[in-house]
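# Analysis of the macromolecular model
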Amino acid sequence: MSKVEEFEELRPLLFSIAYRILSSVGEAEDAVQETWLRYDASPTLPVSTKAFLSTTVTRISIDVLRSARVRREAYVGPWFPEPLLSDPYQDPARAAELADSVSMAALLLLERLSPLERSVFVLREVFAFGFDEVAAAVGRSEAACRQLLVRARRHMEAGRPRFEADRQERQELATRFFDALRNGDVGGLRNLLAADVSMVGDGGGKAPQLARSVMGAERVARLLGTVFPLLSRVDVTFEPHEVNGQPGAVFRDRDGRVLHTLALDVLDGRIQTIRGVINPDKLGHLGPVADAWAINREVKRARRQAD
């Protein structure tokens, strides 16, 4: 194969590695592009193209993550990863494991790790690289990588997300949730929520949001059952869609522009967490982005008219 063909064959893997390290679609795509530029400029062909490209994208991602962490410390309100609607890397034998590793909950846990710990964990635990490959990718000895993995596992195990084992049951519950949401059925919503459910929004100070954090089935159900019928009055619609490997939806304005996403964590037959991303900076990769402030003004007018 030509260089281009070899690279394109490995692109899905490279993006999936970079996204799990960076939690950003845009930054992951940039890391993959920079990897191609370095590969294309290399005067010699590597013994293993996969090893060379994986090492390159990992090191680029580590450098980007180190600077990104400084920006995230100054972030306004809760910070969530950029929503990912589909993971390009497919491995049918490990589909459920890969989906869980890219969930919002898992990526937020990964934020607790150092860039090196995170990279070692992603390469070894998610993509099953050998320790020799991991060591080459992060520029550390195999012994050091084993220690990094031990620390990473300890942090991850302390808060490892758990999800409904049966993905079909998870999806069926999500379907009932979005039907109740569409109908403004507060009672129906309440019955699907865990008693201690939390709903959190990431607006980054650049968009209005329902609330930074709402806790408890009654409060969350009433808020959702009140707001979304108002959104439908101003022609906001939503399409159920997997978001970061979990049940979710993409919300759009009357012109089809992306307003925000929701992702649901499901466990024990109930929705445990609802995470919304409405920061326009995190939605551009999904298509044209709606003016959330304008929609917010329309919703307020609709509420006054209803009163």
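Definitions and cut-offs
- Residues numbered from 1 in each chain as written.
- Predicted model: local features only at pLDDT ≥ 70, side-chain atom pairs only at ≥ 80, totals over all residues.
- Heavy atoms only, no water.
- Helix = DSSP H or I, 4+ residues; strand = E, 2+ residues; numbered from the N terminus.
- Rg over C-alpha atoms; globule rule 2.2 N^0.38 Å.
- Buried < 20%, exposed > 50% of the residue type's maximum accessible area, 1.4 Å probe, protein only.
- Contact = heavy atoms within 4.5 Å.
- Areas by Shrake-Rupley, 256 points an atom, 1.4 Å probe, with all protein chains shown as cover.
- 1 Å grid on protein atoms, 1.4 Å probe; cavity = no way out; pocket = protein on both sides within 12 Å on 5 of 7 lines; lining within 4 Å.
- Points joined across faces, edges and corners; volume = space filled by probe spheres on them.
- Nonpolar A, V, L, I, M, F, W, Y, C, P; charged D, E, K, R; others polar.
- Salt bridge = Lys/Arg side-chain N within 4 Å of Asp/Glu carboxyl O.
- pLDDT = per-residue confidence, 0-100.
- Core = buried A, V, L, I, M, F, W, Y, C linked by side-chain atoms within 4.5 Å.
- Axes fitted to C-alpha atoms, helices over the stretch in contact; angles between N-to-C directions.
- Parallel < 35°, antiparallel > 145°, perpendicular 65-115°, else oblique.
- Left-handed = near helix turned anticlockwise from the far one by under 90°.
- Phe/Tyr/Trp six-rings, centres within 6.5 Å; stacked < 30°, edge-to-face > 60°.
- Lys NZ or Arg CZ within 6 Å of the ring centre and 35° of its normal.
- Pairing = 2+ DSSP bridges.

The next thing to look at is the overall build of the protein. Scanning the protein for helices and strands turns up twelve helices and six strands. A globule of 307 residues ought to have a C-alpha radius of gyration of about 19 Å, and the protein, at 21 Å, matches this closely. Reported as C-alpha extents along the three principal axes, the dimensions of the protein are approximately 70 × 35 × 35 Å. When each of the 307 residues of the protein is scored for burial, the buried share is 51%. In the protein, 67% of the contacts between residues at least 6 apart in sequence involve partners at least 24 apart. Accessible surface, the protein: about 14,200 Å² in total, of which carbon and sulfur atoms supply 49%.

Time to look at the layout of surface pockets. Of the volumes computed, that of the second largest pocket is approximately 320 Å³. Every residue lining the second largest pocket is counted, 17 residues in all, and those nearest its centre are Arg71, Arg72, Tyr75, Trp79 and Lys282. A per-element tally of the lining of the second largest pocket places helix H3 (residues 49-73) first, with three residues. Considered class by class, the residues forming the lining of the second largest pocket number six nonpolar, four polar and seven charged.

Time to look at the pattern of salt bridges. All told, the structure shown has 24 salt bridges when counted by the stated rule. For the salt bridge of Glu218 with Arg222, the shortest nitrogen-to-oxygen distance reads 2.5 Å. Residue Glu218 and its partner Arg222 are located together in helix H11 (residues 217-233), separated by four residues, close to a single helical turn. The class for Glu218 is partly exposed, based on a relative accessible area of 35%. Linked by salt bridges that have partners in common, Glu27, Arg71, Arg72, Glu111 and Arg118 make up one network.

Predicted confidence across the protein gives a mean pLDDT of 93, with 98% of residues reaching 70 or more. Within the protein, no element has a lower average pLDDT than helix H4 (residues 95-101), which sits at 86, and none a higher one than strand E4 (residues 248-252), at 97.

Grouped together as the largest cluster of nonpolar side chains are 46 residues, with contacts concentrated most on Ile17, Tyr19 and Phe127. Looking at this core, the elements that each hand over two or more residues are helix H1 (3-22), helix H2 (25-41), H3, helix H5 (104-110), helix H6 (115-126), helix H7 (131-138) and helix H8 (142-159). The element best represented in this core is H1, accounting for ten residues. If we ignore the near neighbours within four places in the chain, the residues touching Phe127 are Leu13, Ser16, Ile17, Arg20, Tyr89, Arg94, Leu98 and Val122. Among the nonpolar cores identified, the runner-up in size contains 39 residues, and Ala180, Met199, Phe228 and Ile295 belong to it.

One way to put it is that H1 packs onto H6 with a least axis distance of 9 Å and a crossing angle of 135 degrees. Here H1 lies oblique to H6, going by the angle between them. Seen from above, H1 lies across H6 with right-handed handedness. From H1, Ile17, Arg20, Ile21 and Leu22 reach across to H6, where they touch Arg118, Ser119, Val122, Leu123 and Val126. Among the residues forming the contact of H1 with H6, the class breakdown is six nonpolar, one polar and two charged.

This part is about the environment of Leu149. By the element assignment, Leu149 lies in helix H8. A relative accessible area of 1% places Leu149 in the buried class. A C-alpha to C-alpha distance of 6.3 Å links Leu149 and Glu117, two positions 32 residues apart in sequence.

Turning to the packing of aromatic side chains, a few remarks are in order. The geometry of an aromatic ring pair is captured by two quantities: the separation of the ring centres and the angle between the planes. Considering all chains together, one arrives at nine aromatic pairs under this definition. Ring centres of Phe228 and Phe251 lie 5.2 Å apart, and the angle between their planes is 40 degrees; this geometry places the pair in the tilted category. On the criterion of sequence distance, the pair formed by Phe228 in helix H11 and Phe251 in strand E4 is long-range, its members being 23 residues apart. Aromatic ring contacts, followed pair by pair, group Phe177, Phe178, Phe228, Phe238 and Phe251 into a single cluster. The ring of Tyr39 has Lys3 sitting right over it, with the charged end atom 4.9 Å from the ring centre. When the ring centre of Phe129 is taken as origin, the NZ or CZ atom of Lys50, which lies over that ring, is 5.2 Å away.

In a pair of packed helices, the angle between the axes and the distance between the axes together describe the arrangement. In the contact formed by H1 and H2, the axes pass within 8 Å of each other and the chain directions differ by 140 degrees. Where H1 crosses over H2, the two elements pack in a sense that is right-handed. Taken together, the residues of H2 that come into contact with H1 (itself represented by Lys3, Val4, Glu6, Phe7, Arg11, Leu14, Phe15, Ala18, Tyr19 and Leu22) are Val25, Glu27, Ala28, Glu29, Ala31, Val32, Thr35, Trp36, Tyr39 and Asp40. Its residues placed into classes, the contact of H1 with H2 shows 13 nonpolar, one polar and six charged.

A word on the sheet that holds strand E1 (residues 193-202). Sheets are built from strands that pair by backbone hydrogen bonding, the pairs being arranged parallel or antiparallel. The sheet built from six strands is open, its strands ordered E2-E1-E6-E5-E4-E3 with mixed pairing. Each of the sheet's edge strands pairs with one partner strand only, and the pair in question is strand E2 (213-215) and strand E3 (237-240). Strand after strand, the sheet turns through a mean of 15 degrees between neighbouring axes, direction not considered. The pairing of E3 with E4 spans four bridges and is classified as antiparallel. Counterpart to Pro240 in the pairing with E4 is Ala249. Along the sheet, helix H9 (residues 167-183) contacts E1, E3, E4, strand E5 (258-267) and strand E6 (270-277); its crossing angle with E5, the most-contacted strand, is approximately 135 degrees.

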